[in-house]
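Summary of structural features
As a plain string of letters, each chain reads:
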Amino acid sequence: MNKKIVLGVIGADCHAVGNKVLDHAFTEAGFEVINVGVLSSQEDFINAAIETNASAILVSSLYGHGEIDCRGLREKCEEAGLKDILLYAGGNLVVGKQEWGPVEERFKEMGFDRVYAPGTSPQEGINHLREDLKLI
Ligand code: B12
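Residues numbered from 1 in each chain as written. Predicted model: local features only at pLDDT ≥ 70, side-chain atom pairs only at ≥ 80, totals over all residues. Heavy atoms only, no water.

Our focus in this paragraph is the overall build of the protein. Tallying secondary structure elements over the protein gives 6 helices and 5 strands in all. Overall, the protein shows an N-to-C arrangement of helices and strands of β-α-β-α-β-α-α-β-α-β-α. The C-alpha atoms of the protein give 13 Å as radius of gyration, which agrees with the globular expectation for 136 residues (14 Å, within 12%). For the protein, with 136 residues in total, the buried portion stands at 45%. Partitioning the contacts of the protein with sequence separation of at least 6, the portion at a separation of at least 24 is 75%. (Helix = DSSP H or I, 4+ residues; strand = E, 2+ residues; numbered from the N terminus. Rg over C-alpha atoms; globule rule 2.2 N^0.38 Å. Buried < 20%, exposed > 50% of the residue type's maximum accessible area, 1.4 Å probe, protein only. Contact = heavy atoms within 4.5 Å.)

The structure is reproduced here in C-alpha cells:
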C-alpha cells in the first residue's frame, strides 16, 4: 500500500481551516497528501484518486449537509475502478448535535470505513490510517 491520500471538503462547503490543519498533520505524519481543497465534488475526489493511485480518500464536511453530499461516493468509486480504496469522513457531518451512534451507522452503511464525530483530532485519523494500511 502506498501512502498517497486524497483530502478535501465535499459539496458546497467552504470551511477551509480544518482542511489546512489536516493537510499539515497528515503530511507531517509521512503521508503524501493530494488536497482537492474546499467546494469539491465527489468526482473531484475520485479523479484525484485515480490520477495518483491513492490508497484512501478523506472527506471533510463541516456545514451540515455531509449525508447528502457523501451518499453514493462508495458506489461511484467502485464504478470508477477504485475497488478497495479506504473512505474516511469527518467534520460536522450532520445538522446540529445528533446522537452519534446512528450517524456513524448511516455513514458506515454508505460504505465509509471510518467516520469521525465533530472535533475529532487529526491524530486519531492518522492512527487509524496507519492501522488500515498496515503501516504499523
Ligand atoms: C469559520 C466558520 C465559518 C466561515 C468559514 C471561512 C472559511 N473559508 O474557512 C464562514 C463565515 C464562511 C462560515 C459559513 C458557514 N457556516 Co460556518 N463555521 C465556522 C466556525 C466558526 C469555525 C470553523 C473552523 O474553522 N474550525 C476550526 C477547524 C480547525 O476545525 P474543523 O473545521 O472542525 O476541522 C477539524 C475537525 O473537525 C477534524 N476533521 C474535519 N474533517 C475531518 C476528516 C477526517 C477524516 C478526520 C479524521 C478529522 C476531520 O479535524 C479538523 C482539524 O482539526 C464553525 C464553528 C466551530 N467553532 O467549529 C462554524 C460552523 C462549522 N459553520 C456552520 C454553518 C451552519 C455555516 C453556514 C451554513 C452558515 C450560513 N447559514 O450561511 C455557512 C456555510 C458556508 C459554506 N458554503 O460552507 C455550522 C455547521 C453546523 C452543522 N454542521 O450542523 C458551525 C458548526 C457553526 C454552528 N455551531 O452552527 N462558517
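Around the ligand, the surrounding shell holds 25 residues, and the nearest of these are Ala12, Cys14, His15, Ser60 and Gly96. The separation between an oxygen atom of the ligand and a polar main-chain atom of Cys14 is 2.7 Å. Here Ala16 contributes a backbone N or O atom positioned 2.8 Å from an oxygen atom of the ligand. Elements with a minimum of two residues in the shell around the ligand: α1 (17-28), β3 (56-61), β4 (86-91) and α6 (122-132). By residue number, the principal contributor to the shell around the ligand is α1, which donates 4 residues. Per-class residue counts for the shell around the ligand are 14 nonpolar, 10 polar and 1 charged. (Near = heavy atom within 4 Å. Polar contact = N/O pair within 3.5 Å; in protein donor to acceptor, adjacent residues only side chain to side chain. Nonpolar A, V, L, I, M, F, W, Y, C, P; charged D, E, K, R; others polar.)

Next up on the list: the sheet that holds β3. Sheet strands pair by backbone hydrogen bonding; their relative direction is either parallel or antiparallel. Across the sheet, which stays open at both edges, the 5 strands sit in the order β2-β1-β3-β4-β5 with parallel pairing between neighbours. Edge positions in the open sheet fall to β2 (32-40) and β5 (114-115), since each of these has one partner strand only. Pairing geometry for β4 and β5, over 2 bridges, is parallel. Among the inter-strand pairings, Ala89 is bridged to a residue of β5, identified as Val115. Lying on the sheet, α6 is in contact with β1 (4-10), β3, β4 and β5; it crosses β4 at an angle near 170°. (Pairing = 2+ DSSP bridges. Axes fitted to C-alpha atoms, helices over the stretch in contact; angles between N-to-C directions.)

Keep in mind that these numbers describe shape and distance, not what the molecule does.
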